[in-house]
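The lines below spell out each chain.
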Amino acid sequence: MRLGFLSLFGLTLALPASAQDITLHLPVVCEIGRTCFIQKYVDHDPSPAMRDYQCGAVGEDGHDGTDFRLPNMPAQKAGIDVVAAADGKVASTREGVPDAFVKEQDRERISQIGCGNAVVIDHGNGWRTAYCHMAKGSLTVRSGREVKAGEKIGQIGLSGLTEFPHLHFTLIKDGKPVDPFAYGAPEKSCGGGKSLWEASLQRALAYQSGSVLNKGFATGPVTMEAIESGAVEQETPTTRSPALVAYIRAIGLKGGDVQTLTLFDPDGKPLAQNKAPPLDRDKAQWMAFSGVKQPQGGFRPGLYRAIYRVERAGKPAIEQAFGISLRP
Ligand SMILES: [Zn+2]
């Protein structure tokens with residue numbers, strides 16, 4: 001009798017404890033750092049500032065989820081699947097919101113449906129996941145449908161309040177958003193709490209404060225719009241192009257970062273260098289370019305390289321090298 005009582009007691013204590021945690025599959029079918037990037041983490045700071053789980057500022061005030069961003073619109077149009085992060089049952093969906101960049105005058109109206117096309121999955125034990133900004137017409141599930149971790153539920157889009165194609169992924173416990181990178185982190189801790197991502201994802205999801213989203217070479221001046229739309233990739237520079245311009249777009253830069261973008265000729269001699277003054281504040285995204293006009297008689301054929309470097313507090317933080325072979 002006594003033994004029975006003890007084991008029963010042990011059982012009731014053990015069951016809820018083990019059932020409490022959730023393990024998350026990556027909700028997007030892309031390679032972090034190559035074909036998709038984390039643009040924003042969860043905000044841990046109750047004040048009007050942003051503090052991510054590592055005490056950086058990758059995100060924005062009040063951000064309650066993790067943003068998985070695609071490099072540009074062609075990547076979105078090619079179709080990147082969104083999948084269930086864990087087994088569960090679809091609790092609700094919304095469909096029919098167009099994929100469009102938010103214009104200032106529409107901001108208030110769209111904020112009513114800020115999440116855009118969306119899916120909410122109930123995983124039991126108070127856990128839910130929400131998936132926002134999905135592509136119009138891409139949802140493959142309806143309310144009540146049982147889903148397995150990794151099962152497709154739609155595709156990344158540009159619906160609702162968003163300025164770039166991405167999935168906004170929110171993990172909810174007992175009705176409150178929590179950070180899957182730092183579950184249960186004590187207030188004001190840096191790197192505290194527990195990662196709820198699958199063990200195999202720990203490396204890919206290691207904290208990034210700053211990444212290069214796009215890089216390449218153009219034949220003239222580059223704009224943010226041309227990078228986002230993919231127009232900049234349409235024209236490949238040749239020895240006869242009016243100019244050769246190396247460009248990059250980086251995300252998650254910090255105030256004080258010093259960026260240098262250098263273009264080298266086929267002999268490895270610097271042709272042009274753009275050393276930007278230290279950033280005055282954190283930048284969600286930033287573009288830099290460095291280039292030269294076509295010399296008389298055209299560019300010499302060969303391999304031209306560019307190196308982008310970011311120094312943070314006097315230490316190297318980001319380095320990316322890329323090249324192009326110029327042909328007649
Ligand atoms: Zn977001």
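The structure presented is a predicted model; accordingly, all values stated were derived computationally and were not measured. (Residues numbered from 1 in each chain as written. Predicted model: local features only at pLDDT ≥ 70, side-chain atom pairs only at ≥ 80, totals over all residues. Heavy atoms only, no water.)

J.: In this structure, what is going on with the sheet that holds strand S13 (residues 258-264)? I would like to understand it.
T.: Paired through their backbone hydrogen bonds, the strands of a sheet run either parallel or antiparallel. Taken together, four strands build an open sheet; the order of strands is S14-S13-S16-S17 and the sheet is antiparallel. Every other strand in the sheet has two partners, leaving strand S14 (270-275) and strand S17 (315-326) as the edge strands with one partner each. Recorded for the sheet is a direction-independent mean angle of 15° between the axes of neighbouring strands. The pairing of S13 with S14 spans five bridges and is antiparallel. Paired with Phe-264 across the bridge in S14 is Pro-270. (Pairing = 2+ DSSP bridges. Helix = DSSP H or I, 4+ residues; strand = E, 2+ residues; numbered from the N terminus. Axes fitted to C-alpha atoms, helices over the stretch in contact; angles between N-to-C directions.)

J.: What exactly am I supposed to notice about the coordination of the zinc ion here?
T.: Taken together, the protein donors to the zinc ion comprise His-63 (NE2), Asp-67 (OD), Asp-67 (OD) and His-168 (ND1), at separations of 2.1 to 2.6 Å. Given four donor atoms and angles of 54 to 149° at the metal, the environment of the zinc ion is assigned as irregular. Of note, the zinc ion draws all its donor residues from one chain, in the sequence arrangement H-x3-D-x100-H. Asp-67 shares its class with His-63; the two are buried. (Donors = N, O, S within 2.8 Å, 3.2 Å for Na, K, Ca; no water. Tetrahedral: all angles 85-135°; square planar, octahedral: opposite > 155°, others 65-115°. Buried < 20%, exposed > 50% of the residue type's maximum accessible area, 1.4 Å probe, protein only.)

J.: What is the right way to look at the pattern of salt bridges in this model?
T.: On inspection of all chains with the given rule, the structure shows 16 salt bridges. Residue Glu-60 is joined to Lys-40 by a salt bridge in which the shortest nitrogen-to-oxygen separation is 3.0 Å. Note that Glu-60 is positioned in the loop between strand S1 (37-40) and strand S2 (66-69) and Lys-40 in strand S1, a separation of 20 residues in sequence. On the accessibility criterion, Glu-60 (39% relative accessible area) is partly exposed. With a shortest N-O distance of 2.7 Å, Arg-312 and Asp-257 are connected by a salt bridge. Taken as a pair, Arg-312 in strand S16 (residues 302-312) and Asp-257 in the loop between strand S12 (243-253) and S13 lie far apart in primary sequence, 55 residues in all. With respect to class, Arg-312 is no different from Asp-257; both count as buried. Through salt bridges with shared partners, a single network forms among Arg-69, Glu-228 and Arg-249. (Salt bridge = Lys/Arg side-chain N within 4 Å of Asp/Glu carboxyl O.)

J.: Sorry if this is basic, but what is going on with the side chain of Asp-67 here?
T.: Relative to the assigned elements, Asp-67 resides in strand S2. The buried charged residue Asp-67 lacks any salt bridge, with Lys-40 as its nearest oppositely charged partner at 4.1 Å. Polar contacts involving the side chain of Asp-67 include one to the side chain of His-166, which spans 3.4 Å. In this structure Asp-67 touches Phe-37, Ile-38, Gln-39, Lys-40, Phe-164, His-166, Leu-167 and His-168, once residues within four positions along its chain are discounted. (Lys, Arg positive; Asp, Glu negative; His and termini not counted. Polar contact = N/O pair within 3.5 Å; in protein donor to acceptor, adjacent residues only side chain to side chain. Contact = heavy atoms within 4.5 Å.)

J.: Sorry if this is basic, but what is going on with the state of the cysteines here?
T.: By definition, a disulfide links the sulfur atoms of two cysteine residues through a covalent bond. Applying the stated criterion to the full structure yields three disulfides. Between the sulfur atoms of Cys-30 and its disulfide mate Cys-36 the distance is 2.1 Å. The S-S bond linking Cys-30 to Cys-36 shows a torsion near 85°; that makes this disulfide right-handed. By relative accessible area, Cys-36 is classed as buried at 0%. Sulfur-sulfur distance for the disulfide between Cys-55 and Cys-190 comes to 1.9 Å. Looking down the S-S bond of the Cys-55 and Cys-190 bridge, the torsion is -90°, so its handedness is left-handed. On the criterion of sequence distance, the pair formed by Cys-55 in the loop between S1 and S2 and Cys-190 in the loop between strand S10 (176-178) and strand S11 (211-218) is long-range, its members being 135 residues apart. Residue class for Cys-55 comes out partly exposed when judged on its relative accessible area of 28%. Cysteine pairing in the protein follows 1-2, 3-6, 4-5, where each cysteine in a disulfide is numbered by its order in the sequence. (Disulfide = S-S within 2.5 Å.)

J.: Hey, could you run me through the side chain of Ser-241 in this one?
T.: Mapped onto the elements, Ser-241 comes out in the loop between helix H4 (224-229) and S12. The contact partners of Ser-241, leaving out residues within four places of it in the chain, are Thr-219, Thr-236, Gln-294 and Phe-299.

J.: Help me understand the nonpolar core, please; the structure alone is not making it clear to me.
T.: Most often, soluble globular proteins keep nonpolar side chains buried together rather than apart. The biggest cluster of nonpolar side chains holds 40 residues, and the ones touching the most others in it are Phe-68, Val-119, Tyr-131, Ile-153, Leu-167 and Leu-205. Of all elements in the fold, only strand S5 (117-124), strand S6 (127-134) and strand S9 (166-173) reach the threshold of two or more residues within this core. In contact with Leu-205, other than residues within four places in its own chain, are Leu-26, Ile-32, Ile-38, Tyr-53, Phe-68, Phe-181 and Trp-197. If you look at the next biggest cluster of nonpolar residues, it comprises 21 residues, including Leu-244, Ala-250, Leu-261 and Phe-299. (Core = buried A, V, L, I, M, F, W, Y, C linked by side-chain atoms within 4.5 Å.)

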